[in-house]
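# Fold and contact review
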Amino acid sequence: QHEVKSDLEIAQSAKLKHINEIAQVLGVEVDDLEHYGKYKAKLPLHLIDPEKIKKSKLILVTAITPTPPGEGKTTTSIGLTEGLNRIGKKTTVVLREPSLGPVFGIKGGAAGGGYSQVVPMEDINLHFTGDFSAIEKANNLLAALIDNNIYFQKESLGIDPRTVKWKRVMDMNDRSLRSIITGLGGRPGGNPREAGFNITAASEIMAILCLAESFQDLKTKLGNIYVGDTYDNKPIYCRDLKAQGAMAALLKDAIKPNLVQTLEGNPAIIHGGPFANIAQGTNSVLATKLGLSLSDYVVTEAGFGADLGAEKFLDIKCGYSGLSPSAVVIVATVRALKYHGGQCLKSLTTPNLGALKAGCANLEKHLENIAQFGLPAVVSINRFSSDSDEELDFLKTRCKELGAHVALSEGWALGGEGTTQLARAVVETVENFNGRYTPIYDWNSDIKTKVETVAKKIYGAGSVVFQAKALADIKHIEALGLGHLPICIAKTQKSFSDNEALIGRPSGFELTVREFEIAAGAGFLVPITGAIMRLPGLPAVPAALHIDIDDNGVISGLS
Ligand SMILES: Nc1ncnc2c1ncn2[C@@H]1O[C@H](COP(=O)(O)OP(=O)(O)O)[C@@H](O)[C@H]1O
Ligand SMILES: O=COP(=O)(O)O
Ligand SMILES: [Mg+2]
């Protein structure tokens with residue numbers, strides 16, 4: 001066990017390989033790289049090899065219902081990649097880019113932790129290669145063109161400003177921009193209307209970038225973005241404003257996935273950053289296909305718990321891309337299971353077998369869900385230093401009683417040295433499974449049936465209530481001919497239900513759908529449950545206050 005250094009100290013004391021060496025591991029020619037300094041590069045799309053993809057193995061890392069800091073999916077994905085490479089499996093980890101919202105807010109960065117990180121951690125957590133900035137510009141160009149069309153009567157499409165839901169985005173937890181009025185200042189200011197900002201990760205452009213498979217596909221998806229209606233109720237799409245070409249031009253580089261490395265010098269591809277409570281929460285199809293084209297194993301992560309990220313990874317990302325995992329790793333922690341067993345958040349480091357035992361019901365439901373998708377699961381117990389041996393033994397035994405493969409993972413404390421047991425369990429599972437996932441619903445079912453199927457089969461709901469606005473939205477969606485699209489349920493990540501207080505394994509509850517958002521460009525419908533926030537606020541003491549830079553340009557305080 002190394003002495004406990006901060007994530008940043010560990011990352012900054014790492015000796016990084018030049019990115020050309022990482023490319024060499026992947027068999028990528030240096031000339032094919034677009035360098036962003038010595039340690040970052042973009043990969044060209046022509047390296048995607050459909051035949052190789054069929055032979056490579058995809059491992060999805062998901063988790064039980066998390067506590068606010070998260071249970072270690074990103075950390076485990078990286079640690080598992082180190083472990084698989086150590087036992088001779090040529091493996092690349094494929095992750096999402098962190099959002100500045102959490103970096104400056106509560107959760108901190110998303111580049112892993114301890115001795116399982118991707119580096120250069122500061123770059124990855126801050127501006128990286130500019131993809132988020134490009135996504136913001138493309139999103140906000142459309143917003144400007146919408147308001148401009150409303151402003152110039154002679155060119156106007158007759159858009160009714162009250163039907164425009166397209167928000168501007170910014171990668172910052174700035175609650176004061178959530179709901180605003182634009183167009184003030186008389187004639188020169190335009191037309192006053194209600195508007196607002198979402199966080200960049202929630203932009204439909206982000207979701208499109210993560211599902212697009214070529215420049216042409218990107219432009220088509222952008223053109224299909226639903227903007228609003230005319231005064232005589234005709235739908236207006238982005239392509240009606242002729243905006244998709246300029247938007248795609250802004251994404252010229254952002255569409256290419258980014259190559260970096262893990263602490264142990266293994267390849268890492270990072271691309272896209274959607275949150276899994278309001279969008280599909282998975283990195284891009286292009287990054288995943290590149291990883292599978294260039295290595296034999298790919299370890300990738302879907303956000304939050306398996307009821308959100310894994311369900312959307314399978315029913316949306318795999319549904320569109322044709323990909324399928326050969327194994328699912330469910331990250332479980334003693335602390336989160338004790339929380340689900342009724343122990344309060346502040347005392348989770350105190351051993352409590354009773355709470356652990358009760359909380360295993362949450363893990364049980366996630367295991368049942370992965371089995372409903374027809375996929376084999378391996379439970380990875382992500383060991384925290386506060387876990388007692390007794391609690392760890394109990395959890396391992398409980399997993400075996402549930403018929404699950406289980407391995408203790410010490411990737412945070414030890415890097416790849418701590419995950420070889422997990423790596424072996426994953427390889428054995430992968431080698432004994434030659435199937436594919438089974439979708440949990442048929443895209444061609446009616447909208448209500450699709451929502452009810454996920455709610456009942458995956459969340460454990462007894463019924464779904466569609467409020468009046470949601471029923472009107474369903475009629476509107478069907479009138480637009482979009483009822484066949486898959487669904488991407490916006491729901492709290494803190495509970496299987498839409499009530500974050502219902503911990504453990506709630507069942508028979510009512511799920512309430514307030515309304516639907518239409519992501520016609522990305523190609524999914526968003527049933528909104530509860531009071532989902534699309535532009536979070538900063539906490540009373542933001543993490544930003546502890547971040548600094550010294551005279552030599554060395555950053556401190558990033559977590
Ligand atoms: N075993 C562990 N011990 C201590 N801290 C951990 C451990 N695993 C993860 N963490 C920390 O917990 C936080 C969440 O980890 P992360 O991998 O980002 O989770 P997720 O991807 O599931 O949200 C990070 O700050 C990470 O450094
Ligand atoms: O979309 C959320 O991702 P994490 O669960 O990895 O924070
Ligand atoms: Mg993560």
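Residues numbered from 1 in each chain as written. Chains lettered and ligands numbered in written order. Predicted model: local features only at pLDDT ≥ 70, side-chain atom pairs only at ≥ 80, totals over all residues. Heavy atoms only, no water.

Moving on, we come to the layout of surface pockets. Computed from the structure, the second largest pocket encloses a volume of approximately 1100 Å³. Lining the second largest pocket we find 47 residues, and of these Val-164, Lys-165, Trp-166, Lys-167 and Glu-517 sit closest to its centre. Elements represented by at least two residues in the lining of the second largest pocket include exactly strand S9 (193-195), strand S10 (197-199), helix H8 (204-211), strand S11 (226-229), helix H19 (468-479), strand S20 (510-519) and strand S21 (524-529). The leading source of residues in the lining of the second largest pocket is S20, at six residues. For the lining of the second largest pocket, the residue count by class is 26 nonpolar, seven polar and 14 charged. (1 Å grid on protein atoms, 1.4 Å probe; cavity = no way out; pocket = protein on both sides within 12 Å on 5 of 7 lines; lining within 4 Å. Points joined across faces, edges and corners; volume = space filled by probe spheres on them. Helix = DSSP H or I, 4+ residues; strand = E, 2+ residues; numbered from the N terminus. Nonpolar A, V, L, I, M, F, W, Y, C, P; charged D, E, K, R; others polar.)

In this section: the pairing of S21. Buried residues dominate S21, accounting for six of its six residues. Neither face of S21 is left uncovered, since the one carrying Phe-524, Val-526 and Ile-528 and the one carrying Leu-525, Pro-527 and Thr-529 both have all their residues buried. Two strands pair when backbone bridges link them, and S20 and S21 are joined in this way by six bridges, in the antiparallel orientation. Paired with Phe-516 across the strands is Pro-527, a residue of S21. The loop that links S20 with its antiparallel partner S21 comprises four residues; one of these, Gly-523, has a positive phi angle of about 95 degrees. (Buried < 20%, exposed > 50% of the residue type's maximum accessible area, 1.4 Å probe, protein only. Pairing = 2+ DSSP bridges.)

Let us look at the site of ligand 1. Taken together, 16 residues lie near ligand 1, and Lys-73, Thr-74, Thr-75, Lys-107 and Arg-383 sit nearest. Take Lys-73: an N or O atom from its side chain is 2.8 Å from an oxygen atom of ligand 1. When the free accessible area of ligand 1 is taken as 560 Å², the share hidden by the protein chains comes to 87%. Put simply, the parts of the chain that give the shell around ligand 1 at least two residues each are helix H4 (73-86) and strand S5 (112-113). Residue contributions to the shell around ligand 1 peak at three residues, all from H4. Among the residues forming the shell around ligand 1, the class breakdown is three nonpolar, seven polar and six charged. (Near = heavy atom within 4 Å. Polar contact = N/O pair within 3.5 Å; in protein donor to acceptor, adjacent residues only side chain to side chain. Areas by Shrake-Rupley, 256 points an atom, 1.4 Å probe, with all protein chains shown as cover.)

Turning next to the coordination of the magnesium ion (ligand 3). Surrounding the magnesium ion (ligand 3) are the protein donor atoms Thr-74 (OG1) and Glu-301 (OE), which sit 2.1 Å from the metal. With Thr-74 in helix H4 and Glu-301 in strand S15 (residues 297-301), this residue pair connects regions lying 227 residues apart in the sequence. Both residues of the pair, Thr-74 and Glu-301, belong to the buried class. (Donors = N, O, S within 2.8 Å, 3.2 Å for Na, K, Ca; no water.)

So, on to the environment of Gly-72. Mapping Gly-72 onto the fold places it in the loop between strand S3 (57-63) and H4. Residue Gly-72 is classed as buried on the basis of its relative accessible area of 15%. Taking the C-alpha atoms as reference, Gly-72 lies 19 Å from Pro-267; in sequence the two are 195 residues apart. Apart from residues no more than four positions distant in its own chain, Gly-72 is found in contact with Val-331 and Asn-382. (Contact = heavy atoms within 4.5 Å.)

What follows concerns the pattern of salt bridges. For the structure on display, the rule yields 29 salt bridges. For Arg-335, the salt bridge identified is with Glu-71, shortest N-O distance 2.9 Å. Placement of the pair is Arg-335 in helix H13 (residues 334-340) and Glu-71 in the loop between S3 and H4, with a sequence separation of 264 residues. By relative accessible area, Arg-335 is classed as buried at 17%. Taking the relative accessible area as the measure of exposure, Glu-71 reaches 1% and is therefore buried. Its salt-bridge partner being Lys-494, residue Glu-500 comes within 3.9 Å of it at the nearest N-O pair. Bridged by salt links that share partners, the residues Glu-34, Lys-252, Asp-253 and Lys-256 form one connected network. (Salt bridge = Lys/Arg side-chain N within 4 Å of Asp/Glu carboxyl O.)

What surrounds ligand 2 is the set Lys-73, Thr-74, Arg-96, Lys-107, Phe-275, Ala-276, Glu-301, Gly-303 and Phe-304. Contacts to ligand 2 include Lys-107, whose side-chain N or O atom sits 2.5 Å from an oxygen atom. Residue Phe-304 places a main-chain N or O atom 2.7 Å away from an oxygen atom belonging to ligand 2. Here the shell around ligand 2 is built from residues that sort into three nonpolar, two polar and four charged.

Attention shifts here to the sheet that holds S21. The mixed open sheet is built from three strands, whose spatial order is S19-S20-S21. Edge positions in the open sheet fall to strand S19 (463-466) and S21, since each of these has one partner strand only. Here the strands of the sheet are splayed against their neighbours by 45 degrees on average, with no regard to which way each runs. Against the sheet, helix H18 (residues 447-459) makes contact with S19, S20 and S21, and its axis sits at roughly 140 degrees relative to S19, the strand it touches most. (Axes fitted to C-alpha atoms, helices over the stretch in contact; angles between N-to-C directions.)

The analysis is restricted to geometry; functional conclusions fall outside its scope.
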